[in-house]
Structures are given as C-alpha cells and as structure tokens.
Amino acid sequence: MAHDDLGAGAGTTTMLQAEGAEAPVKVEFDNFEHGFPEGFGPGGWGHLAYAIGIAFAVFQLVVAAWNILPSQVVRGVHVGFLILMTFGLIGNFTARNDFGRALGWLIGAAGFLCGLYQWIFYADLIARDGDPTRLDLVVGTLLVVLIFEGTRRLMGLALPLMCGACLLYWFFGQYLPAPLNHRGYDFDQVITHLSYGTEGFYGVPIYVSATYIFLFILFGSFLERAGMIQLFTDVSLGLFGGTRGGPAKVAVFASGMMGTISGSGVANVVTVGQFTIPLMIKFGYRRAFAAGVEATASMGGQIMPPVMGAVAFIMAETLGVEYSVIVKAAVIPAILYFASAFWMVHLEAGKHGLVGMKKTEIPSAWKALVARWYLVLPLAALVYMLFEGFTPLYAGSMGLALTVALILGASITLGLSNTVVRYVFWIGLALVTAAVSRNGLEIVPVASIVGVLVLITAITRGGRATLAACRDSLADSAKSALTVGMACAIVGTIIGMMTQTGVGTIFGSWIIGLGAKSLFLALVMTMLLSILLGTGIPTIPTYIITAALAAPALAKLGVPLIVSHMFAFYYGIMADLSPPVALAALAAAPIAKENPDKIGWEAMRIAMAGYVIPFIFVYSPALMLQAGDPMEARLGFYGAVALATFKALVAIGLFGIVAIGFLFVRLTLLERFVAFIAALCLLGDFRFSDTVGFALTVLIVLWQWRQRPRAVAAAA
C-alpha cells in the first residue's frame, strides 16, 4: 500500500530524527480499543481486509452524499461492516494460521449477513413489527452474540460485562424486590426491541456512527494525510518554542489543534507525543511530568470543537438541537481547559528554571503558514458551515471534498515547473468551483470536480502515489471507525433495556433525592459514576450511559440539559487520566520510558482544572452560553458570560498555583491553603463568596510579588 510524503506521520518522524530522538515508539495495548497495528494483516488476508475497508468507506460516502437508502437499512449495513471487519482484522492480527484467519472472516461474514437482513427484508420487518418469525429471532439472537463477542475481543471485558448485566436484568428483573423489579419481558420481546427497533443496537448512537462519525473520521484522516500534523507542530514551535518552558507549551497547543480534527485522545498521544514528549524531556522536564502534559492536552482534544471526539454529534441527536448549539456551548470550557494546562506548564517551568528553545532550533510559524496555509481552508470551511446552520453531514461532506481537492490539486501543481502556471491552475479551479456552486453547493457538481481532478492526477508525475495515499486513507478510516462503531452498537443494550423497563427512573429518583438535600452531592455522585464507568470503557459509551442515567435527573434539579450532558461527558474524559487505568498515561508511558501510574498522577495534577470546570459551568451556566445564570438578572446575558469566564480564569489560576506550588516564588504550605480556599470561594455560591475569593486572591498575589526580591537574593 503506497504512502507518499503527504502522510501525516512523515513530518513528525522527520522532526524527531532532527532533534536526535529515538525512532517512534510502538505502543501496545492488551486489546485493540485504541487501534490496530499498522497495515491490514499478512499476505492475501491483508489485501482482503484492505479491499473491504475501502468498500466500507465508499458505502458510507455514497449514503452520506446521496440519501438513497432508508435510515434503518444504513444502520444495519453499517453494523454488518463493523462486525465483518472486526472479526476479520482480529483474525488477521491474532490467528496463528490461515484456518484461524478464515474462521474469523467467516464469523464476520455471518455478522455482515445479519446487517444485510435489515436491507433484504426491510419492508417485511416493518409489516410484521412486534410479531417476529422464527428466522427473525435466529438472526436477532446471532446479532446479539456477535456484537457482544466482537466488542469483547476488540475492547476487553468491561463494556460487554456491563451490557451483559443489563441484559440479565432485562430477562430476569421481574424476580427482584421492588422498586428494582419490572413487569417481565419474553425472549421475543427483548430480541425484537434490541435487534430490530430504533432503541436498541440501531438506536441514536449507531445512527450517529453510521453518518457523522465515520464522515468526520475520514475528514480527519485526509487532513492528517495532507500534512496537518506537521503544520500544527511547526506553528506551535514557532509561537511558543522560545518561551519559558516552551516545549511543554508546544505540546499543549499542538495537541489542542489536533483535537479539532481528531476524535481520539489516545491517538493524539501516540502521534503528537512521539515528538513533544522527548522534546520536553530534553529541555529539563521530568519524564512523568512531560508525559502527563501530553496526556492531559491530548485528552482535552475531545472537548475541543468542532469534532469533540464525535460526542457532539451524539449529544445533538439525543437533545434534538442543532450541532452548532453544542459547539458554541463547548467553546469557552474547552479554551479554559487548555489555558489551564498552559498555565500549569508555565508555572512548572518557572519553579524549576526551565528555559525555551534556541532561535536556531525553532521553525518560523509564519513561513509554515505561508507554505501550507491551504490546509486550514477545509477546517475553516467546515466550522463556517456548521455555525451557519448547515447539517454536520452536509458540512462534513463538503469539507472532505475540499480536502481531497486540495490534496489532488497540490499533487498536480508539483508537476508544474512554472510558478505562474501553478497560480493559473489554482485560480482556474476556484473559478470553476464558484461557477458550479453559484446556486449553492451541491454534491453532484462537487463530486464531478473531484472526479476530474482524480483523472488529471492519475496522469501527472507522482500523481499515482497521491491517489494511492488517498485510497489508503479510505481503508485506514474504516479501520479507525471500528472501536467507536462497536461501542455505539453494544451500548444500545443499555438504552434498549432502560427504554423498555423504565429502570432509569430509579437511578434518576435517587439523584433527585440527593439533589433535594444538596445539588453539590448529586453532582459529586454523577462525577464518580462517570469516572468509574470511564476507567473500563471508552469515552463515548461512558457519556451515553451516564447521560441516560443522570442527566435527566440533573435537569429536574434545575441544571440546563446541555450543561448536565456536558458535565457527564467531561468526567468520562477525565477517567482516561485517572489511575489506576489512565489509558492516556498508558499510551504515553513507553514514549517517556516512565511508570504509567506516575504519569497518571501527574496528569491528574496538570488537569486539575478539568475536574473543576464542570462544577463551574453547572453553577454558572453563562460559561456555556446558556440562560439561567444567577448573575444574568443584574448584569445581562453577556455581562454574566464575562463575569463567569473571568471567575473561572481566576479559579483555575489559583488551582494551578496550588497544584504546582509556585507563582513568583515557591509557595509555603500556608500559602497553598489560602490559595485553595480562595479558589473554592470563587466556585461557591454563598453570600460574599466572590468577595472573599477575590480578596484572598489579591492577598496571595501581592504577598508572592513581595517575596520576589528575597528569592532573587537567595538565588544569587
């Protein structure tokens, strides 16, 4: 499978070698939750997986561009492809012989046929809804077994066991004492609801996986292939490399930028971290701290719009609001999260006297933008269309088409020696695009332009390598979509069980009962639930489960619905930083050559703001641009937004100096305690809390400022 210099990893590897670092470290996990090894397997089996991956991607592109199939059919075929590739790839990478690989593909083929069953008998299934045939029950039961087993082999036992417990409750919950019992459901009722309805395997999560998520994974894959990682890295180095503790600030900024196109925090660790972690260590940061910085920043990529780890799409569908509403609500908290991480590394550098990089080692941010400015266009166009009210499916399709056009156009112009001719080509392409879209962008003209560019690229120098790279992106995207897709499928068990039995109201009543005594206690219980779930399962199912259980209860306690959903989402992300599991720390450990537990505790310290920001936006909804803030009556909406943002900045600044133990000089234990009390006051909602918080903040800052001359004299 050909790859050319458009590959995202190529630039990062080059920079690593330029810095004298070792070759990139291959990160291994106990399962395939965070990605398969490179490639598609040995020999002909690898070619088979590669071809099916391309077929999967092409199917998703066709149904995204042209609404030619019913939604239920698209969901069924999508799940079929997921099962086929899951068992096939696991067989390719784990089986010891061809028989084992063939068996994996045969099992996967059975799952694919279960998905096709939704298409072949679509009309019949609708006509006999609630009255399944024996074949319906056989296919539905087989689908249950394959989804559970595929998820177990892909992600480990945690998620299947949790969903299996829900399945047992669904079948046998009528024998439990009140109020935990339900009325009881027959086998055919459970299987029909789970395998054929829109509140089981084919519910909202798999609908989002089959539409938005796959498309945005493909979009990010093409941008990375075009060299976006290299652009982010060069700009980050140019802006912050020379500042105090610059390498760590580069890690925070570059990972934040990667978060705009990547949906996986752990994937960010093993891509950007290959460069930033050795660089931080080289400039004096402790190994555990360097890895913790990268883990914190990379996981924060999932809260950075526009992609937000794909949860934004599920949240929008669940709440029935426009995608842009979710993105707008997430912007300020995401900026605060990265500002906090930035502040932490700045303080750590000051505490240990760490300096920045030499000017000769830093690329020019301006030159990097001038050389590859066009890579920003697809992302800018995507954000613009989303905020203008276009659907994510349309915006993602157009963004992807623009990315492909830029990649192909860049390949074509490489074969043109005359600069004037290159400019003429780009201007001509822009004019043609403008002409066909004068009545609005439509998929057929845009697809036609891309098709013409493909034909031209095929006959230019180096063009075939570029087309091969694009083809590789299609196959790689299908492989990347497996873990998210299978997780979205299996959590349908929990959603289906809750919708049919109504058990969610029991947990909700418990949360509401706690909230009647103290909203803070209800929030703490929701936080602990989310972190507990997130230690064993990925972020997306963690959010779906917690939001289904706790978010409606928090909404009844007066928390805006978007805020309650975002609260659950944040702590699902924090779980990947929290020991004992701390998957982001596990990914960073072999790169930093440090103990994962040490990295996890450092990441928790660096991400302290991530643990408090959700509480801030619950008590100050204006931070998420939501109405109902307590200060809105006195200051107006935007006044409340400004005050909430300022308070949050001061609070996370205080938590930073408490965690690091440094501001202008090292803090004593008493100074840390005063700063901690000030931060808590700014988070609180009692009489004079803001006044006390700001007064203590001024006191601690002035006291630290006065200690500077004494510290300088002692150092001399």
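Starting afresh in each chain, residues are numbered from 1 along the sequence in its written order. Whole-chain, interface and lining totals are the exception, using all residues; otherwise, since this is a predicted model, local features are given only for residues with pLDDT of at least 70 and side-chain atom pairs are given and counted only at 80 or more. The side-chain numbers reported here are obtained from all heavy atoms of the structure, hydrogens and water having been left aside.

Q: I'm lost on the overall build of the protein chain in this one. Help?
A: Numbered from the N terminus, helices here are DSSP runs of H or I no shorter than four residues, and strands are runs of E no shorter than two. Along the backbone of the protein chain there are 34 helices and 0 strands. For the protein chain, buried positions account for 56% of its 716 residues. Here, residues are in contact when the closest pair of their heavy atoms is within 4.5 Å. Counting contacts in the protein chain only where the partners sit at least 6 residues apart, residues at least 24 apart contribute 77% of the total. A 1.4 Å probe and the Shrake-Rupley method give the accessible areas. Residues count as covered only by the protein chains that appear here. Taken as a whole, the protein chain presents about 29100 Å² of accessible surface, with 67% of it coming from carbon and sulfur. Summary of the burial criterion: residues with accessible area below 20% of their type's maximum are buried, those above 50% are exposed, and those between are partly exposed, where the area comes from a 1.4 Å probe applied to protein chains only.

Q: Looking at this model, I keep getting lost on the environment of Val698. Mind explaining?
A: Tracing the chain through its elements places Val698 in helix α34 (residues 689-715). Overall, the relative accessible area of 48% leaves Val698 in the partly exposed class. For the pair Val698 and Ala678, spaced 20 residues apart in the sequence, the C-alpha separation amounts to 9.6 Å.

Q: Quick question: what am I supposed to make of the packing of helix α7 (residues 158-172) against helix α8 (residues 187-195) here?
A: The description of two packed helices rests on the angle between their axes and on the distance between the axes. Following both chains from N to C, one finds α7 and α8 inclined at 140°, their axes separated by 10 Å at the closest point. In terms of axis orientation, α7 runs oblique to α8. In this structure, α7 meets α8 at a crossing whose hand is right-handed. Touching Leu167, Trp170 and Phe171 of α7 are Phe187, Val190, His193 and Leu194, all from α8. In this count, Pro and Cys sit with the nonpolar residues alongside Ala, Val, Leu, Ile, Met, Phe, Trp and Tyr, while Asp, Glu, Lys and Arg are called charged and the others, Gly among them, polar. Residues of the contact of α7 with α8, tallied by class, amount to 6 nonpolar, 1 polar and no charged. Lines fitted to C-alpha atoms define the axes, with helix axes restricted to the stretch in contact, and inter-axis angles between N-to-C directions lie between 0 and 180 degrees. These descriptions rest on fixed angle ranges, namely under 35 degrees for roughly parallel, over 145 for roughly antiparallel, 65 to 115 for roughly perpendicular, and the rest for oblique. Two helices cross in a left-handed way if the nearer one is turned anticlockwise from the farther one by less than a right angle. They cross in a right-handed way if the turn is clockwise.

Q: Before we go on, may I ask you to explain a nonpolar patch on the surface in this structure?
A: A patch consists of residues whose relative accessible area exceeds 30% and which take part in no salt bridge; residues with like charges are grouped when within 9 Å of each other, and nonpolar side chains (Val, Leu, Ile, Met, Phe, Trp, Tyr) when within 5 Å. Salt-bridge detection follows one rule: a side-chain nitrogen of Lys or Arg within 4 Å of a carboxyl oxygen of Asp or Glu. A grouping of Trp366, Leu369, Val370 and Val376 is seen on the molecular surface, where their side chains present a nonpolar patch of about 390 Å² in accessible area. The element contributing the most residues to the nonpolar patch is helix α16 (residues 365-372), with 3 residues. By the secondary structure assignment, Trp366 is in helix α16.

Q: Help me out: how do you make sense of helix α3 (residues 71-94) in this one?
A: Residue pairs three or four apart in sequence face the same way in an α-helix, which turns once every 3.6 residues. Over its 24 residues, α3 runs 34 Å from end to end, which matches the ideal 34 Å to within 8%, given 1.5 Å per residue. The element α3 is extensively covered by neighbouring structure, given that 21 of its 24 residues are classed as buried. Helices are assigned an expected span. That span is 1.5 Å times one less than the residue count.

Q: Hey, could you run me through the packing of aromatic side chains in this one?
A: Each aromatic ring pair is specified by the distance between its two centres and by the angle formed by the two planes. In this analysis, rings of Phe, Tyr and Trp, with Trp reduced to its six-membered ring, are considered paired at centre separations within 6.5 Å, and the interplanar angle assigns stacked below 30 degrees, edge-to-face beyond 60, and tilted for intermediate values. In the structure shown here, the tally under the stated rule is 24 aromatic pairs. With a centroid separation of 5.6 Å and an interplanar angle of 45°, the aromatic rings of Phe520 and Phe615 are classed as tilted. Linking Phe520 in helix α24 (residues 519-534) with Phe615 in helix α30 (residues 608-619), this pair joins segments that are 95 residues apart in sequence. For Phe520, a relative accessible area of 45% puts it in the partly exposed group. The class of Phe615 is buried, set by a relative accessible area of 11%. Comment: the charge-over-ring label is applied if NZ (Lys) or CZ (Arg) is within 6 Å of the ring centre and within 35 degrees of the ring normal. Sitting over the ring of Phe40, Lys479 keeps its end group 4.8 Å from the ring centre.

Q: What should I look at first to understand the state of the cysteines in this one?
A: Covalent bonding between the sulfur atoms of two cysteines is what defines a disulfide. To count as a disulfide, a pair of cysteine sulfur atoms needs to be within 2.5 Å. This structure, assessed with the given rule, holds 0 disulfides. For the unlinked cysteine Cys163, the closest cysteine sulfur is that of Cys166, found at 6.1 Å.

Q: How do you make sense of helix α33 (residues 669-683) when you look at a structure like this?
A: Under the 1.5 Å per step criterion, the end-to-end length of α33 is 21 Å for 15 residues, consistent within 8% with the ideal 21 Å. Listed as buried for α33 are Glu671, Ala675, Ala678, Ala679, Cys681, Leu682 and Leu683.

Q: I'm lost on the side chain of Ser298 in this one. Help?
A: Mapped onto the elements, Ser298 comes out in helix α13 (residues 287-300). Residue Ser298 is classed as buried on the basis of its relative accessible area, which comes to 0%. Within 3.5 Å is the distance limit for a polar contact, defined as a pair of N or O atoms, with the added protein rule that one can donate a hydrogen and the other accept it, and that residues adjacent in sequence qualify only through two side-chain atoms. Separated by 2.5 Å, the side chains of Ser298 and Glu294 make a polar contact.

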